[in-house]
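Each chain is listed here by its residues.
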Amino acid sequence: MDMNTFFKNAIDGLKEAGNYRVFCDLERKSGAFPRALRHRADGSTQDVTVWCSNDYLGMGQHPVVTAAMKEAIDRCGAGAGGTRNISGTNHYHVELERELADLHGKESALIFTSGYVSNWAALGTLASKIPSIIVYSDALNHASMIEGIRHARCEKRIFKHNSPEDLRRQMAADDPSRPKLVAFESVYSMDGDIAPIAEFCDVADEFGAMTYLDEVHAVGLYGSRGGGVAEREGVMDRLTVIEGTLGKAYGVMGGYIAASSLLCDFVRSFASGFIFTTALPPSLAAGAAASIRHLKASELERAKQRRNVEKLRARLDAHGIPHLPNPSHIVPVMVKNAAKCKFLSDLLLDNYGIYVQPINYPTVPVGTERLRFTPTPLHTDADIDHLVGALNDLWSRCALAREVA
Ligand code: PMP
């Protein structure tokens, strides 16, 4: 078959199913978060307010972070100059790893080029190198964890989402002498629900299993120093590995694991996704370290974000606009129809200057299509009023069901 025909058919298939992704071409405005300039295909531009950013606290624009990055560029230049092994380890990387180990109360930490790569490389390495290991994976784990486990070709069990009972049932049926690892997340990004971490640790302890917690949507946001949900719940020491990102609440880019010195040394020594790739630019490491330090000391951003999340939820309730109740900072407004979800998102953008990407299948199950809002400390009361006013208008226009509070 002609390859161009093959590519075109595959893309047409996505388009017919409504799964073809169209990116919003944004120019973030430095110092003006959450404002951005949208570039349209015809060359014109529009001022928009971003409502779906994973720069959850606006740290990507924080002067402490941008100043640290500029200073590092002035001192070290642009790139790292090599892999970590061959000339690419910069002192900023070493300092960042110390900062991360301290954040999670672990002996050591190891940084990767993204959260995706850290999950893929760390889980892939542990699960492929530990003989006869069984990996237990939450049914809603992120693609990066799934790919890491798949890559390892180890035996795996999928347990029901957030169910320690199902995990216990499956572990009890397995050979007690085999090494075991339980992989799960703290905050799930699409529903915003939170795992019962302590209960999972109890089950893991019962069967002598290691635990691997993805705190990508929680680091910087939960815990008195931003150490994540495990810090808030006082269970960091019960987890074998805590994995996180530098690209969401910390506003920069990169991923990491924090664990014992021996485990980090093992991953450092065997993970191809760590070994055979250029190290992060020193400026990113400097920016991330500045962001982590700032959020260790400052409660201000977290408190303002919580207030804005509560305010948005209350205003949605007042208008009967249905949203998933959850204990996190993620506010999923449920449209439950793919075409209407896309239509709402287009109208919010074109008519109101509100940018929120529609979340459709396969990211979420059919019939649970939604607009996923992430209020930040930098959204104003006027932004929230503008958003809820627009949603209220469009809810009527699209004849969508309201929920009576
Ligand atoms: N884990 C989870 C749960 C995620 O949602 C994501 C990305 N959205 C990642 C890992 C990957 O992190 P990063 O964006 O830093 O690659």
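Reading guide: rules and limits
- Residues numbered from 1 in each chain as written.
- Predicted model: local features only at pLDDT ≥ 70, side-chain atom pairs only at ≥ 80, totals over all residues.
- Heavy atoms only, no water.
- UniProt positions renumbered as here; feature names shortened; annotations may be inferred.
- Helix = DSSP H or I, 4+ residues; strand = E, 2+ residues; numbered from the N terminus.
- Axes fitted to C-alpha atoms, helices over the stretch in contact; angles between N-to-C directions.
- Parallel < 35°, antiparallel > 145°, perpendicular 65-115°, else oblique.
- Left-handed = near helix turned anticlockwise from the far one by under 90°.
- Contact = heavy atoms within 4.5 Å.
- Nonpolar A, V, L, I, M, F, W, Y, C, P; charged D, E, K, R; others polar.
- Pairing = 2+ DSSP bridges.
- pLDDT = per-residue confidence, 0-100.
- Buried < 20%, exposed > 50% of the residue type's maximum accessible area, 1.4 Å probe, protein only.
- Phe/Tyr/Trp six-rings, centres within 6.5 Å; stacked < 30°, edge-to-face > 60°.
- Lys NZ or Arg CZ within 6 Å of the ring centre and 35° of its normal.
- Domains from an automatic or database assignment.
- Buried area = accessible area lost by both parts, 1.4 Å probe.
- Salt bridge = Lys/Arg side-chain N within 4 Å of Asp/Glu carboxyl O.
- Polar contact = N/O pair within 3.5 Å; in protein donor to acceptor, adjacent residues only side chain to side chain.

Q: Pulling in residues and values, what's your account of the UniProt feature "domain: Aminotransferase class I/classII large" (unreviewed entry) in the protein?
A: As recorded in UniProt, the feature "domain: Aminotransferase class I/classII large" (unreviewed entry) lies at residues 47–391. Regarding residues 47–391, the helix share stands at 45% and the strand share at 15%, and the terminal C-alpha atoms are separated by 19 Å.

Q: I'd like a rundown of the packing of helix 13 (residues 300–318) against helix 15 (residues 381–397), residues and numbers included.
A: At a minimum axis separation of 10 Å, helix 13 and helix 15 run at an interaxial angle of 30°. Between helix 13 and helix 15, the angle falls in the class roughly parallel. Crossing angle aside, the handedness with which helix 13 passes helix 15 is right-handed. For the pair helix 13 and helix 15, contact is made by Arg-307, Asn-308, Lys-311, Leu-312, Arg-315 and Leu-316 and by Asp-381, Ile-384, Asp-385, Leu-387, Val-388 and Leu-391, respectively. Here the contact of helix 13 with helix 15 is built from residues that sort into six nonpolar, one polar and five charged.

Q: Break down the sheet that holds strand 14 (residues 370–373) for me, with residues and values.
A: In space, the three strands of this open sheet follow the order 11-14-13, with antiparallel pairing throughout. The outermost strands of the open sheet, each flanked by one partner alone, are strand 11 (331–334) and strand 13 (358–359). The pairing of strand 13 with strand 14 spans two bridges and is antiparallel. Within the sheet, the bridge partner assigned to Pro-358 lies in strand 14 and is Leu-371.

Q: Quick rundown of the confidence of the model for the protein? Include the residues and the values.
A: On average, residues of the protein score 97 in pLDDT, and 100% of them reach the 70 mark or higher. Complex prediction metrics read pTM 0.97 and ipTM 0.99.

Q: Lay out the pairing of strand 7 (residues 180–185) in plain terms, naming residues and giving numbers.
A: Across the six residues of strand 7, six count as buried, placing the element largely inside the fold. Residues Lys-180, Val-182 and Phe-184 point to one face of strand 7 and Leu-181, Ala-183 and Glu-185 to the other, with burial holding for every one of them. Pairing geometry for strand 5 (residues 134–138) and strand 7, over four bridges, is parallel. Bridge pairing in strand 7 links Ser-137 to Ala-183. Of the pairings in the sheet, the one linking strand 7 to strand 8 (residues 210–214) comprises five bridges and is parallel in character. For Phe-184, the partnering residue across the bridge sits in strand 8 and is Leu-213.

Q: I'd love a proper account of the packing of aromatic side chains, names of residues and values included.
A: Under the criterion given, the structure shown has six aromatic pairs. Pairing Phe-112 with Phe-274 gives two aromatic rings, centres 5.6 Å apart and planes at 75°, and the pair type is edge-to-face. Placement of the pair is Phe-112 in strand 4 (residues 108–112) and Phe-274 in helix 11 (residues 272–275), with a sequence separation of 162 residues. Chaining the aromatic ring pairs together yields one cluster made of Phe-159, Phe-184 and Phe-200. Over the face of the ring belonging to Tyr-20 we find Lys-15, whose NZ or CZ atom lies 4.6 Å from the ring centre.

Q: An account of the domain arrangement of the protein is requested, with residue identities and associated values reported.
A: For the protein, the assigned domains are domain 1 (20–50 + 301–404) and domain 2 (61–297). Using only C-alpha atoms to locate each centre, domain 1 and domain 2 end up separated by 29 Å. Each side of the interface is counted separately: domain 1 has 21 residues, and domain 2 has 20 residues. A per-residue breakdown of the area domain 1 buries against domain 2 is headed by Glu-301, Arg-302 and His-329, which together make up 37% of the total. Scanning the region where domain 1 abuts domain 2 turns up one salt bridge. With its nearest N and O atoms 2.6 Å apart, the salt bridge here joins Asp-191 to Arg-370. The interface formed by domain 1 and domain 2 holds eleven residue pairs in polar contact (both at pLDDT 80 or more) in total. Of all elements in the fold, only helix 13 and strand 14 reach the threshold of two or more residues within the side of domain 1 that touches domain 2.

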